[in-house]
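Okay, here's what each chain looks like letter by letter:
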Amino acid sequence: MSKTLYERLGGTDGIRRIVDVLVDNHSKNLIVAARFAGTDMEHLKQMAGDFFITGSGGPEIYTGKDMVAAHQYMNISGDEFAAVLDDAMNALKANDVGQREQEEVLYILYSLKDQVVGI
């Protein structure tokens, strides 16, 4: 039987490491960094990690807002969304995640575009 994406990403510990790099990447990315000014980055890492863990086939621990509610009225642009995807891919590469898993994560993240951009 095939392993879940959650398992292939290293389980909870692996995903937390990826998310730590991802959120740090956002705070350094000139395209989106201003969006995170004044944000409790540790809380963001916790919630993003929980979302990623649950969404990748791990334990159902995410209790936050859905994507639309979390991004409503932010009017996120397509360029900002692409920058976030780039940050995610760079975080996966920094954590030596395999090509197949990178592609799966990219597909999942891209599938959320309509719930994030321009709402």
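That block above? That's the structure.
Please read these numbers as outputs of a predicted model, since none were measured by experiment. (Residues numbered from 1 in each chain as written. Predicted model: local features only at pLDDT ≥ 70, side-chain atom pairs only at ≥ 80, totals over all residues. Heavy atoms only, no water.)

1. A short note on the overall build of the chain
Here is step 1: For the chain, the count of helices and strands is six helices and zero strands.
Here is step 2: Reading the chain from its N terminus to its C terminus gives the helix and strand order α-α-α-α-α-α.
Here is step 3: Relative to a compact globule of 119 residues, whose C-alpha radius of gyration would be 14 Å, the chain shows 14 Å and is just as compact.
Here is step 4: Seen through its principal axes, the chain has C-alpha atoms that stretch 40 × 25 × 25 Å.
Here is step 5: The burial tally for the chain puts 34% of its 119 residues in the buried class.
Here is step 6: Here the chain has roughly 7,200 Å² of accessible surface; of this, 53% comes from carbon and sulfur atoms.
Here is step 7: A distance of 2 Å separates the average location of the 11 positive side-chain charges in the chain from that of its 18 negative side-chain charges. (Helix = DSSP H or I, 4+ residues; strand = E, 2+ residues; numbered from the N terminus. Rg over C-alpha atoms; globule rule 2.2 N^0.38 Å. Buried < 20%, exposed > 50% of the residue type's maximum accessible area, 1.4 Å probe, protein only. Areas by Shrake-Rupley, 256 points an atom, 1.4 Å probe, with all protein chains shown as cover. Lys, Arg positive; Asp, Glu negative; His and termini not counted. Charge placed at Lys NZ, Arg CZ, Asp CG, Glu CD.)

2. With respect to the packing of aromatic side chains
Here is step 1: The final tally for this structure, using the stated rule, is two aromatic pairs.
Here is step 2: Ring geometry for Phe51 versus Tyr62: centroids 5.1 Å apart, planes at 80°, classification edge-to-face. One end of the pair, Phe51, is in helix H3 (residues 41–55); the other, Tyr62, is in the loop between H3 and helix H4 (67–71), and 11 residues separate them in sequence.
Here is step 3: Relative accessible area serves as the criterion here: at 29%, Phe51 is assigned to the partly exposed category. (Phe/Tyr/Trp six-rings, centres within 6.5 Å; stacked < 30°, edge-to-face > 60°.)

3. Remarks on the nonpolar core
Here is step 1: Ranked by size, the top nonpolar core spans 16 residues in total, and within it Leu9, Ile15, Ile18, Phe52, Leu92 and Val105 carry the most contacts.
Here is step 2: Elements represented by at least two residues in this core include exactly helix H1 (5–8), helix H2 (11–28), H3 and helix H5 (78–94).
Here is step 3: Per-element accounting of this core gives the leading share, five residues, to H2.
Here is step 4: For Leu92, the residues in contact, after removing those within four places along its chain, are Leu9, Ile18, Val97, Gln102 and Val105.
Here is step 5: Membership of the second largest hydrophobic core comes to six residues, among which are Ile76, Phe81, Leu85 and Val116. (Core = buried A, V, L, I, M, F, W, Y, C linked by side-chain atoms within 4.5 Å. Contact = heavy atoms within 4.5 Å.)

4. A closer look at H3
Here is step 1: Here H3 is 15 residues long and its end C-alpha atoms lie 20 Å apart, about the 21 Å a rise of 1.5 Å per residue gives.
Here is step 2: Turning to H3, its buried residues are Lys45, Gly49, Asp50, Phe52 and Ile53. Summarising the axial view, the buried residues of H3 lie within an arc of 170°, below the 170-degree limit, and thus occupy one face.
Here is step 3: Summarising the contacts, the buried residues of H3 are in contact with H1, H2 and helix H6 (99–111).
Here is step 4: Structurally, the start of H3 carries an N-cap: the backbone nitrogen of Glu42 is 3.2 Å from a side-chain oxygen of Asp40.
Here is step 5: Positioned one or two residues after H3, Gly57 has a phi angle of 105°, which is positive. (Expected span 1.5 Å × (residues − 1). Arc of directions from axis to C-beta. Polar contact = N/O pair within 3.5 Å; in protein donor to acceptor, adjacent residues only side chain to side chain.)

These results come straight from atomic positions and should not be treated as a statement about function.
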